[in-house]
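Summary of the model geometry
Single-letter residue listing:
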Amino acid sequence: MNRESTHGRMDRTIGNERGAALVIVLIALVGLTALAAAGVVSTGSDIRIAENMDASTRAFQAADGGLKSYIGSNTNGTSGATYTPDSLTTVTVTPRKLTEIAGGRVLYSITSTAVYVPSPGDTARRSVSQVAIFSDGSILVPASFTSAAGLLKNGDSGLISGQDWATGGDPKCPNSPKPAVAGVKVPPSGYVQNGGSPVPDGDPPIEDGQTGHEMLESMGLDWESIVNGDLISPDYTIPPDTWPNFGSLPADEWPVIYVDGNISVSPSNSGRGTLIVRDNLAMNGSFNWDGALLVGGYITSNGYQTVEGATVAGLNILLGETPASTDIGNGNKVFKYHSCKLKQATEAAFGGLAEVPGTWTEVF
């Protein structure tokens, strides 16, 4: 074998190896390119999935928020509402009347649908639903002055009247005046007056046929949920809040004041609305109140008060407590049943829509 042919074969071998190496490199580059492309596609897909999940979550939260906003509003459930929590989201709430139930209440199924549009061509839609009860907030008061633990009165001055002192023609109270209620409702032999002719008048003047617990239960007032639950959303809770300045409040505002304990009020505290006292209430001087007085313990009256609406004392009996008798003492006390003022007060306190527990669901 000569040197030239040997070198030729070696050159060809080296060339073949270089060619094979080039092919391998090209194949490797193609494979890496394919892997990179697959990675890009996978990453893009993951991003798209994440964006879709985020959009769906935003729509769900908006739908649930719209439902809560609607139920928490002052609507009566007869018409829907539209909310725009941000520029990309629209929430439409639609009520559907199911039936009317006792006490003038109405049962609704309420559906909230949110549409979230993060970019043109992209839309996320979620819907939730809840059954709710609408109430106008009216409470069934049996008397101008209801005292579940009894009522003491000195002398025959003053007025405790179950006649409705509301006049007709007020657009806020189209159903007023209403039939008379009892002047006073107390447990058997629970009204005690020292001297003079009986003060109460109404239909009947004095009603005392039930125990304190029975008479309070017949009102249907959920006192437990008022003082220990979330049946009301007070405008003022004392403490820590201070008494409202009624001179600065709009004339059509009937605030809800909850006193967590005892309170003593004077003429400067005169006002309107629903005053809810967890324990005992002392009224002094010429304190005046329009609306509802709901007191867990007893009421002590010192002076010449006027209350137009309705008064209830001794509600803590419903909590298993034993409050003392209410004592309205001497003086020209005036307690008038006024259905219109009572309605405006309790509508602000107890009116509106309330969720029916266990009925929330997502609509697919």
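Below is a summary of the structure that appears in this document. (Residues numbered from 1 in each chain as written. Predicted model: local features only at pLDDT ≥ 70, side-chain atom pairs only at ≥ 80, totals over all residues. Heavy atoms only, no water.)

**Let's talk about the overall build of the chain**
Broken down by element type, the chain carries four helices and 23 strands. Here the chain, with 364 residues, has 41% of them falling under the buried criterion. Counting contacts in the chain only where the partners sit at least 6 residues apart, residues at least 24 apart contribute 56% of the total. Roughly 18400 Å² of accessible area belongs to the chain as shown, and the carbon and sulfur atoms make up 54% of that amount. (Helix = DSSP H or I, 4+ residues; strand = E, 2+ residues; numbered from the N terminus. Buried < 20%, exposed > 50% of the residue type's maximum accessible area, 1.4 Å probe, protein only. Contact = heavy atoms within 4.5 Å. Areas by Shrake-Rupley, 256 points an atom, 1.4 Å probe, with all protein chains shown as cover.)

**With respect to the pairing of strand S6 (residues 151–154)**
Across the two faces of S6 the burial differs, with Leu151 and Lys153 buried and Leu152 and Asn154 not buried at all. Inspection of the sheet shows S6 paired to strand S9 (residues 191–194) by four bridges, in the parallel sense. Along S9, the bridge assignment pairs Asn154 with Asn194. Two elements, S6 and strand S20 (residues 326–327), share two bridges in a ladder whose sense is parallel. Of the residues in S20, the one forming a bridge with Leu152 is Asp327. (Pairing = 2+ DSSP bridges.)

**A short note on the side chain of Thr113**
Note on placement: Thr113 falls in strand S3 (residues 105–116). For Thr113, the side chain forms a polar contact with the side chain of Ser127, separated by 2.7 Å. Not counting residues within four places of it along the chain, the set of residues in contact with Thr113 comprises Thr90, Val91, Thr92, Arg125, Arg126 and Ser127. (Polar contact = N/O pair within 3.5 Å; in protein donor to acceptor, adjacent residues only side chain to side chain.)

**Quick word on the packing of aromatic side chains**
In this description, an aromatic ring pair is defined by two values, namely the gap between the centres and the angle between the planes. Taken as a whole and assessed by the stated rule, the structure comprises five aromatic pairs. Judged by centre distance (6.2 Å) and plane angle (85 degrees), the rings of Phe60 and Trp360 are edge-to-face. Taken together, the residues span a long stretch of sequence, with Phe60 in helix H1 (residues 3–71) and Trp360 in the loop between strand S22 (352–355) and strand S23 (361–363) at a distance of 300 residues. According to the relative accessible area criterion, Trp360 is partly exposed, its value standing at 37%. With centroids separated by 4.8 Å and ring planes inclined at 70 degrees, the aromatic side chains of Phe145 and Phe335 adopt a geometry described as edge-to-face. (Phe/Tyr/Trp six-rings, centres within 6.5 Å; stacked < 30°, edge-to-face > 60°.)

**Describing helix H4 (residues 339–350)**
Spanning twelve residues, H4 covers 15 Å between terminal C-alpha atoms, matching the ideal 16 Å at 1.5 Å per step. Counted residue by residue, H4 has nine buried out of twelve residues, so it is predominantly covered. Considered for burial, the residues of H4 that qualify are Ser339, Cys340, Lys341, Leu342, Gln344, Ala345, Thr346, Ala349 and Phe350. Positive phi appears at Gly352, one or two residues downstream of H4, with a value of about 105 degrees. (Expected span 1.5 Å × (residues − 1).)

**Overview of the nonpolar core**
Grouped together as the largest cluster of nonpolar side chains are 29 residues, with contacts concentrated most on Trp243, Ile257, Leu275, Leu281 and Trp289. Elements supplying a minimum of two residues to this core: strand S12 (236–238), strand S13 (256–259), strand S14 (263–265), strand S15 (271–277), strand S16 (281–285), strand S17 (288–295) and strand S19 (306–313). Sorting elements by how many residues they give to this core places S17 first, with three residues. Setting aside residues up to four positions removed in sequence, Trp289 forms contacts with Trp243, Phe246, Ile257, Asn269, Gly271, Arg272, Gly273, Thr274, Leu275, Thr306, Val307 and Glu308. Val141, Val227, Val256 and Ala310 belong to the second-largest nonpolar core, a separate cluster that totals 24 residues. (Core = buried A, V, L, I, M, F, W, Y, C linked by side-chain atoms within 4.5 Å.)

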